[in-house]
Amino acid sequence: MSDGHAWMSRLRGKFVVFDGPDGSGKSTQLKRFGEMVRAAGVPVTMVREPGGTAVGERIREILLDPIHDEMTLRAEMMLYMASRSQLMEELVRPALGRGDLVVADRFVSSTYAYQGTAGGIPEWEIDAVASAAVGQTWPDLVLIFDVDGATASGRLSANLDRMEQKGAAYHAKVREGFLSLARRQPERHAVIDACGGPDEVTGAMLEALRTRLAGG
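**Overview of unusual backbone geometry**
Working step 1: Between Glu49 and Pro50 the backbone carries a cis peptide bond, its omega angle lying at -15°.
Working step 2: Following the sequence through the fold, Pro50 ends up in the loop between β2 (44-48) and α2 (54-64).
Working step 3: A positive phi angle, near 85°, is found at Arg106, a position not held by glycine.
Working step 4: Summarising the element assignment, Arg106 is placed in the loop between β3 (101-105) and α4 (108-118).
Working step 5: In this structure Arg106 comes out as buried when scored by relative accessible area, which is 12%.

**Considerations on the pattern of salt bridges**
Working step 1: Using the criterion set out here, one finds twelve salt bridges in the structure.
Working step 2: Across the salt bridge formed by Arg84 and Glu49, the nearest N and O atoms sit 2.7 Å from each other. Note that Arg84 is positioned in helix α3 (residues 73-98) and Glu49 in the loop between β2 and α2, a separation of 35 residues in sequence. Grouping residues by exposure puts Arg84 and Glu49 together as buried.
Working step 3: We note a salt bridge from Arg184 to Glu123, for which the minimum N-O separation is 3.3 Å.

**Thoughts on the packing of α4 against helix α7 (residues 168-184)**
Working step 1: Two numbers describe how α4 lies on α7: the axes approach to 8 Å, and their chain directions differ by 130°. Judged by the inter-axis angle, α4 sits oblique to α7. The chirality of how α4 crosses α7 is right-handed. Across from Ser109, Ser110, Tyr112, Ala113, Tyr114, Thr117 and Ala118 in α4, the residues of α7 making contact are Tyr170, His171, Lys173, Val174, Gly177, Phe178 and Leu181.
Working step 2: Looking at the contact of α4 with α7 residue by residue, the class counts come to eight nonpolar, five polar and one charged.

**Quick notes on the packing of aromatic side chains**
Working step 1: Tallied over the full model, the rule gives six aromatic pairs.
Working step 2: Consider the rings of Phe15 and Phe107, whose centres lie 5.2 Å apart with planes at 80°: the pair is edge-to-face. A residue pair is termed long-range when its members are at least 10 positions apart, and Phe15 in strand β1 (residues 15-19) and Phe107 in the loop between β3 and α4 qualify at 92 residues.
Working step 3: Taking relative accessible area as the criterion, Phe15 reaches 1% and is therefore assigned buried.
Working step 4: Given a relative accessible area of 2%, Phe107 falls into the buried group.
Working step 5: Among the aromatic side chains, those forming a connected cluster through ring pairs are Phe15, Phe107 and Trp138.
Working step 6: Geometry around Phe107 places Arg84 over its ring, the cationic atom sitting 5.5 Å from the centre.

The rules behind the values
Residues numbered from 1 in each chain as written. Predicted model: local features only at pLDDT ≥ 70, side-chain atom pairs only at ≥ 80, totals over all residues. Heavy atoms only, no water. Helix = DSSP H or I, 4+ residues; strand = E, 2+ residues; numbered from the N terminus. Buried < 20%, exposed > 50% of the residue type's maximum accessible area, 1.4 Å probe, protein only. Salt bridge = Lys/Arg side-chain N within 4 Å of Asp/Glu carboxyl O. Axes fitted to C-alpha atoms, helices over the stretch in contact; angles between N-to-C directions. Parallel < 35°, antiparallel > 145°, perpendicular 65-115°, else oblique. Left-handed = near helix turned anticlockwise from the far one by under 90°. Contact = heavy atoms within 4.5 Å. Nonpolar A, V, L, I, M, F, W, Y, C, P; charged D, E, K, R; others polar. Phe/Tyr/Trp six-rings, centres within 6.5 Å; stacked < 30°, edge-to-face > 60°. Lys NZ or Arg CZ within 6 Å of the ring centre and 35° of its normal.

This is the structure:
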């Protein structure tokens, strides 16, 4: 392990989430981070939402297929939570029990932003379903990759999934949902300015993880 990344060994047994609006670049940063921690010799379990398990991947197909435009908001929210519940029991809790670092691409933070702030489901309803899906296993830190709408739209592919097709006004609300969540729960969330180049964003991401989870 290089001296520069020696602090990563202190991430064992932690649960970290990479989240943010579509087009924020979080998936690029998650891939980079996964490569770094593996090179540092840290056992890591990488998962994505929705999906990550055989059951979850089938749910993901339903959620993201544009053909399902009649899906109600609460059905959408509960399908995300169903995939999450399977993921927690099948992969996340066993990995944490082994002492792995668990890194998730999205988590309940996305539900608060997309189905809550942008969709209109009251926070208390999401709280109730999340409690059933997640139990007592919550992330040690959620990194929210924040990006303005114009930059985000420029990063998306032309082949948009059902959630990406919801329009600029919806996605502006999603962004505000993430930022509002970080303001309400600063102890659990760190906002990363994701408008810069990939290397700049990686530096900010690593600094947040080092200072918040690895003792500075």
